[in-house]
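Summary of structural features
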Amino acid sequence: FGSSHFGSSLWYRSLPQPSTSSTAAMTARLKKSRHLRGQVSNGRGRIGKHRKHPGGCGNAGGQHHHRINFDKYHPGYFGKVGMRNFHLIKHSKVIPTINVDKLWSLVSEQTRTYYKEHTDKAPVIDVVKAGFMKVTGKGQLPEQPVIVKARYFTKEAEVKIKEAGGVCVLCA
């Protein structure tokens, strides 16, 4: 009897202490369920009874007994919208663009200086080979003739290339 916990006034020191880390589980002796031992319904009420999944698991009853919640907080959850596209090609509408002021960055600086001296010929800048499709008209072009090959040109780009003495060549 003398070695029992209840005889000593320091019996609580032998019990495990709650840890301060947030990941550890709560100590069993501090849980509400310990306090509720001996009560019949464990704080859940006698009439409704604490059963496993009284409304069904997960999203059950979205069109039936949980309809008000779904309509109120998740409108448009059920049903379809639009037409189906069976063979959807997502990159078909992508058109990579390059501006007029960046055209000369596609060829080396040596090429530019060479053609500045030899004005009888003009360099060919193939924009499609560099991975672009469309030439847009932002920025300035140096006053040096150039042949630009691309699938699409904006009006501004075409005007600027022709003002510099160049040519716009459309290629598929």
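Attention here is on the structure that accompanies the text. In this text the structure is predicted, and so the values were computed from the model without any measurement.

Digging into the nonpolar core
In terms of nonpolar packing, the biggest core is built from 16 residues, with Leu103, Val127, Val135, Val148, Phe153 and Ile161 touching the most fellow members. The residues contacting leucine 103, other than those within four sequence positions of it, are Ile98, Ile125, Val127, Val135, Val148 and Ile161.

A word on the environment of methionine 133
Inspection of the secondary structure puts methionine 133 in the loop between strand S2 (124–126) and strand S3 (134–136). Taking the C-alpha atoms as reference, methionine 133 lies 5.9 Å from isoleucine 95; in sequence the two are 38 residues apart. Filtering out sequence-adjacent residues up to four positions away, methionine 133 remains in contact with Val94, Ile95, Pro96, Val127, Ala150, Arg151 and Tyr152.

Here we look at the sheet that holds S2
As summarised here, the arrangement of the three strands in space is S2-S4-S6, forming an open sheet in which the pairing is parallel. At either end of the open sheet lies a strand with only one pairing partner, and these are S2 and strand S6 (167–170). Here the strands of the sheet are splayed against their neighbours by 20° on average, with no regard to which way each runs. Strand direction decides the pairing type here: S2 and strand S4 (residues 147–150), joined by three bridges, are parallel. Its bridge partner lying in S4, valine 124 is registered against isoleucine 147.

Some thoughts on the pattern of salt bridges
A complete count under the given rule lists three salt bridges for this structure. Among the ionic pairs, glutamate 158 bridges to lysine 162, the shortest N-O distance being 3.2 Å. In this pair, glutamate 158 and lysine 162 are both assigned in helix H4 (residues 155–163), four residues apart and thus about one turn of the helix distant. Accessibility expressed as a relative area gives 30% for glutamate 158, which makes it partly exposed.

Side note on the pairing of S4
Taking every second residue as pointing to the same face, the buried face of S4 carries Val148 and Ala150, while none of Ile147 and Lys149 on the other face is buried. For S4 and S6, the ladder comprises four bridges, and the chain directions are parallel. Among the inter-strand pairings, alanine 150 is bridged to a residue of S6, identified as leucine 170.

Points about the packing of aromatic side chains
The description of an aromatic ring pair rests on the distance of the ring centres and on the angle between the ring planes. According to the stated counting rule, one finds four aromatic pairs in the structure shown. Arranged with centres 4.8 Å apart and planes meeting at 85°, the rings of tyrosine 77 and phenylalanine 78 form a pair that is edge-to-face. Note on tyrosine 77: relative accessible area 46%, which makes it partly exposed. Aromatic ring contacts, followed pair by pair, group Phe70, Tyr77 and Phe78 into a single cluster.

What about the sheet that holds S3?
To summarise the sheet geometry, strands pair through backbone hydrogen bonds and adopt either a parallel or an antiparallel arrangement. The strand order across the open sheet formed by three strands is S1-S3-S5, and the pairing between neighbours is parallel. The open sheet has two edge strands, strand S1 (97–99) and strand S5 (152–153), and neither has a second partner. Examined bridge by bridge, S3 and S5 share two bridges and lie parallel to one another. Looking at the pairing, valine 135 lines up with phenylalanine 153 of S5.

Describing unusual backbone geometry
Although it is not a glycine, asparagine 42 sits at a positive phi angle of roughly 60°. Exposure remark for asparagine 42: the relative accessible area of 32% places this residue in the partly exposed category.

Each value, and the rule that gives it
Residues numbered from 1 in each chain as written. Predicted model: local features only at pLDDT ≥ 70, side-chain atom pairs only at ≥ 80, totals over all residues. Heavy atoms only, no water. Core = buried A, V, L, I, M, F, W, Y, C linked by side-chain atoms within 4.5 Å. Buried < 20%, exposed > 50% of the residue type's maximum accessible area, 1.4 Å probe, protein only. Contact = heavy atoms within 4.5 Å. Helix = DSSP H or I, 4+ residues; strand = E, 2+ residues; numbered from the N terminus. Pairing = 2+ DSSP bridges. Axes fitted to C-alpha atoms, helices over the stretch in contact; angles between N-to-C directions. Salt bridge = Lys/Arg side-chain N within 4 Å of Asp/Glu carboxyl O. Phe/Tyr/Trp six-rings, centres within 6.5 Å; stacked < 30°, edge-to-face > 60°.

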